[in-house]
Amino acid sequence: MLYLTLRQLEYVVAIAREGSLSAAAAVLNVSQPSLSVALTQVENILGQTLFVRSKGTPLRITTFARRYVVEAEALLAMARRLEDPEAIRQGVNGSIAIGCFDDLAPCHLAPILRRLREFLPGVDVTWRIADFETLSRDLREGRIDLALTYDLGLDSTVSRSAVAQVSPFAFFASGHSLARRPDITLADIAFEPLILFDELLSNRHALQLFRGLGLSPLVVHRVRSLEIMRSLAANGEGVGISYTRPPGSLAYDGAKVATVAISDPAAREPVILARSSDAPDVPVVSAAFAMIAAMFAEPAYGKGSFAQGTARGTTDP
């Protein structure tokens, strides 16, 4: 006899994914008290604590719950497939959760999702965009199976595979004296007012590149958005630095922004596909890992999505 419903399992999975009862309740469109009661019922049936709930402290997932949520997600994915005759016909099973670093997502998340659905039809694919720290934690706690990111903020429990090497770019106002150079070095902009990302590890990485050359740059703005960085640079507020180069020569406010590649070899950074070394070897995850790695190895994809990071950049007029 089945004592747990699919709805109860869905509640447990949502709480694990969102990290709090209130956030899960909002996603599920149910009241928080109802969700709390359902969670208590599940824990009573299992005879196990899934989440440690203490007033005034964040919700903590237990070791048992991490394993349980993986199984619950697989069962929910199977239940969804049973409602879809086409998925049953194709005979594909499993689910996968993909994480992507903020800076990489605009260029690569959608192509990855499209390719996964093309080559693994019927697989339940979910995704989230996050910073370095969150991606590392989500891998460690089993919230995501794979992450596309830079090799920053990941600990020894993470297995890494480099899929590309990218160089950073500098953003200038169109009239800046360096704006029409074919490329520049970090030393060329060391005494310019800099605009860096507010994300801690990204900010620290950029500063370490300069300090490795014995340079101490002046940071005048820290931003959370690439387009804010481009707008500030275009309006003469400083020089922005990013590993992502959006197409076009206009910021959102209409000001012209010039983009120049930074040629220092030490500034090149690997883009990696990461997974937890402690995670079980699930066939669908291994298949997705191999498919994404192969996608980045394709010359046509490299010339498109990563051209902005692998070649010496050009300056937009």
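Structure report, in brief. These numbers come from a predicted model, not from an experiment.

1. Notes on the packing of aromatic side chains
What characterises a pair of aromatic rings is the spacing of the ring centres plus the angle enclosed by the ring planes. On inspection of all chains with the given rule, the structure shows five aromatic pairs. Through a chain of ring-to-ring contacts, the aromatic side chains of Phe-101, Phe-132, Tyr-150 and Tyr-243 assemble into a single cluster. Here the guanidinium or amino end of Arg-230 rests over the ring plane of Phe-171, the centre of that ring lying 6.0 Å away.

2. Here's the deal with the pairing of strand 9 (residues 193-197)
Among the five residues that make up strand 9, four are buried, leaving the element largely enclosed by the rest of the structure. With five bridges connecting them, strand 9 and strand 10 (residues 218-223) associate as parallel partners. Residue pairing in the sheet places Leu-196 in a bridge with Arg-222 of strand 10. In terms of handedness, the path from strand 9 via helix 8 (residues 200-211) over to strand 10 forms a crossover that is right-handed. Here strand 9 runs beside strand 11 (residues 239-242); their pairing, made up of two bridges, is parallel.

3. Remarks on empty space enclosed by the protein
Under the definition given, this model contains three cavities of 30 Å³ or more. A volume near 200 Å³ is recorded for the largest cavity. Around the largest cavity, the lining comprises 18 residues; the ones closest to its centre are Phe-197, Ser-202, His-205, Ala-206 and Tyr-243. Considering every element that reaches the lining of the largest cavity, the biggest residue donor is helix 8, with six residues. Class assignment for the residues of the lining of the largest cavity results in 12 nonpolar, four polar and two charged. By volume, the second largest cavity is sized at about 80 Å³. Every residue lining the second largest cavity is listed: Ala-16, Arg-17, Ile-61, Arg-66, Val-69, Val-70, Glu-73, Glu-141, Gly-142 and Arg-143.

4. Overview of the layout of surface pockets
As a volume, the largest pocket reaches approximately 630 Å³. Lining of the largest pocket is provided by 29 residues; of these, Val-70, Gly-142, Asp-145, Ala-279 and Pro-280 occupy positions nearest its centre. At the level of secondary structure, the elements contributing two or more residues to the lining of the largest pocket comprise helix 4 (63-82), strand 3 (95-101), helix 7 (132-140), strand 13 (269-276) and helix 10 (283-297). When residues of the lining of the largest pocket are assigned to their parent elements, the largest contribution, seven residues, is made by helix 4. The class makeup of the residues in the lining of the largest pocket is 11 nonpolar, seven polar and 11 charged. Looking at the second largest pocket, it is lined by 23 residues, and the ones nearest its centre are Phe-101, Asp-102, Asp-103, Phe-197 and Arg-224.

5. Brief notes about the nonpolar core
If you look at the biggest cluster of nonpolar residues, it comprises 65 residues, and the most contacted ones within it are Leu-146, Leu-148, Tyr-150, Phe-172 and Ile-189. What Ile-189 contacts, discounting residues up to four positions off in sequence, is Ala-170, Phe-172, Leu-178, Ile-184, Leu-194, Phe-210, Val-239, Ile-241 and Ile-262. Residues Leu-9, Phe-51, Ile-61 and Leu-76 belong to the second largest nonpolar core, which totals 23 residues.

6. Some thoughts on the side chain of Arg-115
Turning to its location among the elements, Arg-115 is positioned in helix 6 (residues 105-119). Classification of Arg-115 by relative accessible area gives buried; the value is 16%. What Arg-115 contacts, discounting residues up to four positions off in sequence, is Met-291, Met-295 and Glu-298.

7. Brief notes about helix 2 (residues 21-28)
Here helix 2 has its buried residues at Leu-21, Ala-24, Ala-25 and Leu-28. Down the axis of helix 2, the sector holding all buried residues measures 100°, keeping them to one side. Residues of helix 2 that are exposed and point more than 90 degrees away from the buried face comprise Ala-26 and Val-27. Where the residues of helix 2 are buried, they touch helix 1 (6-18) and helix 3 (32-46). Asn-29 lies just past helix 2 and shows a positive phi near 60°.

8. What to know about the environment of Phe-171
In this structure, Phe-171 sits in strand 7 (residues 169-173). Since its relative accessible area comes to 0%, Phe-171 is described here as buried.

9. So, the packing of helix 1 against helix 2
Their axes nearest at 8 Å, the elements helix 1 and helix 2 cross at an angle of 125°. With respect to helix 2, the axis of helix 1 lies oblique. Between helix 1 and helix 2 lies a crossing of right-handed hand. Contact residues: helix 1 offers Glu-10, Tyr-11, Ala-14, Ile-15 and Glu-18, while helix 2 offers Leu-21, Ala-23, Ala-24, Val-27 and Leu-28.

10. Observations concerning the sheet that holds strand 5 (residues 146-150)
Spatially, 4-3-5-13-6 is the arrangement adopted by the five strands of the open sheet, whose pairing is mixed. Strands with a single pairing partner mark the edges of an open sheet, and in this sheet they are strand 4 (124-130) and strand 6 (158-166). Here the average twist between neighbouring strands, direction ignored, is 20°. Sheet topology places strand 6 next to strand 13; eight bridges connect them, and they run antiparallel. What sits directly across from Ser-161, in strand 13, is Leu-273. Seen against the sheet, helix 6 touches strand 3, strand 4 and strand 5 and runs at an angle of roughly 170° to strand 4. Along the sheet, helix 7 makes contact with strand 3, strand 4, strand 5, strand 6 and strand 13, crossing strand 5 at roughly 150°.

Thresholds, definitions, all that
- Residues numbered from 1 in each chain as written.
- Predicted model: local features only at pLDDT ≥ 70, side-chain atom pairs only at ≥ 80, totals over all residues.
- Heavy atoms only, no water.
- Phe/Tyr/Trp six-rings, centres within 6.5 Å; stacked < 30°, edge-to-face > 60°.
- Lys NZ or Arg CZ within 6 Å of the ring centre and 35° of its normal.
- Buried < 20%, exposed > 50% of the residue type's maximum accessible area, 1.4 Å probe, protein only.
- Helix = DSSP H or I, 4+ residues; strand = E, 2+ residues; numbered from the N terminus.
- Pairing = 2+ DSSP bridges.
- Right-handed = clockwise from strand over helix to strand, strands pointing away.
- 1 Å grid on protein atoms, 1.4 Å probe; cavity = no way out; pocket = protein on both sides within 12 Å on 5 of 7 lines; lining within 4 Å.
- Points joined across faces, edges and corners; volume = space filled by probe spheres on them.
- Nonpolar A, V, L, I, M, F, W, Y, C, P; charged D, E, K, R; others polar.
- Core = buried A, V, L, I, M, F, W, Y, C linked by side-chain atoms within 4.5 Å.
- Contact = heavy atoms within 4.5 Å.
- Arc of directions from axis to C-beta.
- Axes fitted to C-alpha atoms, helices over the stretch in contact; angles between N-to-C directions.
- Parallel < 35°, antiparallel > 145°, perpendicular 65-115°, else oblique.
- Left-handed = near helix turned anticlockwise from the far one by under 90°.

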